[in-house]
Amino acid sequence: MSTLQAITLDQVVDTDRYPLSDPGSTEARAVVARARRELAEVGCTVLPDFIRPELHEVLRQECAALAPHAYFDVETVNVYNIDVDTELPEDHPGRRTFERGNAFVARDRIPGGTLISRLHTHESFQRFVADCFGLPRLYELADPLSGRAWNTPGTSTPTSTRSAC
């Protein structure tokens, strides 16, 4: 178990910038609106210092400890995510391939007391993520493997500490 058992959501998340416990506030609506806009425009949003900076090292250490439990795979893919053997014209960009590595840590390998697990199971965090994606609610899968499988894209080895779990 993590030493973070007594830490509250307000101690983990910068709730001044990201008021998860007050989703109807002007500040929360502005954060969600920005996230939705960025997700619609570029498919990604960044929440700078969402996790309080003093906990970044704790999160990194927990993720590094989980990394050896990851399933790691490297695939040869193309930007269209179609079979690399698909018949395409010689100059088609889909013929350009690259290797992509991914590591996945299954939920049953992530202790419930870890910062990342506690955050992902917190009702206010789940509501915030749902709001950012314009969903009425998030549901956790009951599957012990894929119920909370975090993707660590771009890692070169399953023990990379670049991942955010």
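Residues numbered from 1 in each chain as written. Predicted model: local features only at pLDDT ≥ 70, side-chain atom pairs only at ≥ 80, totals over all residues. Heavy atoms only, no water.

**Q** Got a sec to walk through the overall build of the protein? Specific residues and values, please.
**A** Across its full length, the protein holds 5 helices and 3 strands. When the helices and strands of the protein are placed in sequence order, the string is α-α-α-β-β-α-α-β. Taking all 165 residues of the protein together, 33% fall into the buried category. A total of about 10,300 Å² of accessible surface is found on the protein, and carbon and sulfur atoms cover 53% of it. (Helix = DSSP H or I, 4+ residues; strand = E, 2+ residues; numbered from the N terminus. Buried < 20%, exposed > 50% of the residue type's maximum accessible area, 1.4 Å probe, protein only. Areas by Shrake-Rupley, 256 points an atom, 1.4 Å probe, with all protein chains shown as cover.)

**Q** Can you break down the nonpolar core residue by residue, with the values?
**A** Counting 24 residues, the largest nonpolar core has Val13, Leu20, Phe50, Ile51, Leu119 and Phe128 as its most contacted members. Mapped onto this core, the elements with two or more residues apiece are helix 1 (9–12), helix 2 (26–42), helix 3 (56–66), strand 2 (98–105), helix 4 (115–121) and helix 5 (123–132). Aside from chain neighbours lying at most four places away, what touches phenylalanine 50 is Val12, Val13, Asp14, Tyr18, Leu20, Leu119, Phe125 and Phe128. (Core = buried A, V, L, I, M, F, W, Y, C linked by side-chain atoms within 4.5 Å. Contact = heavy atoms within 4.5 Å.)

**Q** Requested: an account of the packing of aromatic side chains, with residues and values cited.
**A** Scanning the model with the defined rule gives 3 aromatic pairs in all. Their ring planes at 20° and their centres at 5.7 Å tell us that phenylalanine 50 and phenylalanine 128 sit as a pair that is stacked. Of this pair, phenylalanine 50 sits in the loop between helix 2 and helix 3 while phenylalanine 128 sits in helix 5, and the two are 78 residues apart along the sequence. In terms of burial, phenylalanine 50 and phenylalanine 128 fall into one category: buried. Taken together, the ring pairs in this structure connect Tyr18, Phe50, Phe125 and Phe128 into an aromatic cluster. (Phe/Tyr/Trp six-rings, centres within 6.5 Å; stacked < 30°, edge-to-face > 60°.)

**Q** Give me the confidence of the model for the protein: which residues, what numbers.
**A** Overall, the predicted model of the protein reaches an average pLDDT of 82, with 84% of residues at or above 70. Here strand 3 (residues 150–151) stands out as the element of the protein with the lowest mean pLDDT, 41, in contrast to helix 2, whose mean of 96 is the highest. For the stretch residues 1–5, pLDDT sits under 50, and the model shows 10 contacts to residues farther than four places along the chain or on other chains. Taken as a whole, residues 149–165 scores under 50 in pLDDT and shows 43 contacts with residues more than four places along the chain or in a different chain. (pLDDT = per-residue confidence, 0-100.)

**Q** Give me a nonpolar patch on the surface: which residues, what numbers.
**A** Where nonpolar side chains cluster on the molecular surface, the patch consists of Val79, Tyr80, Ile82 and Phe98 and spans about 390 Å² of accessible area. When you line up the elements, phenylalanine 98 lands in strand 2. Overall, the relative accessible area of 40% leaves phenylalanine 98 in the partly exposed class. (Patch = residues over 30% accessible without salt bridge, like charges linked within 9 Å, V, L, I, M, F, W, Y side chains within 5 Å. Salt bridge = Lys/Arg side-chain N within 4 Å of Asp/Glu carboxyl O.)

**Q** Explain helix 3 to me, and be specific about the residues and the numbers.
**A** Residues Leu59, Glu62, Cys63 and Leu66 constitute the buried set of helix 3. End-on, the buried residues of helix 3 take up no more than an arc of 95°, which puts them together on one face. Buried residues belonging to helix 3 abut strand 2 and helix 4. (Arc of directions from axis to C-beta.)

**Q** Please give an account of the pattern of salt bridges that cites residues and values.
**A** As enumerated under the stated definition, the model contains 4 salt bridges in all. Close ionic contact of glutamate 75 with arginine 100 constitutes a salt bridge, the shortest N to O distance being 3.1 Å. In this pair, glutamate 75 sits in strand 1 (residues 71–77) while arginine 100 sits in strand 2, placing the two residues 25 residues apart along the sequence. The exposure class of arginine 100 is partly exposed, given its relative accessible area of 32%.

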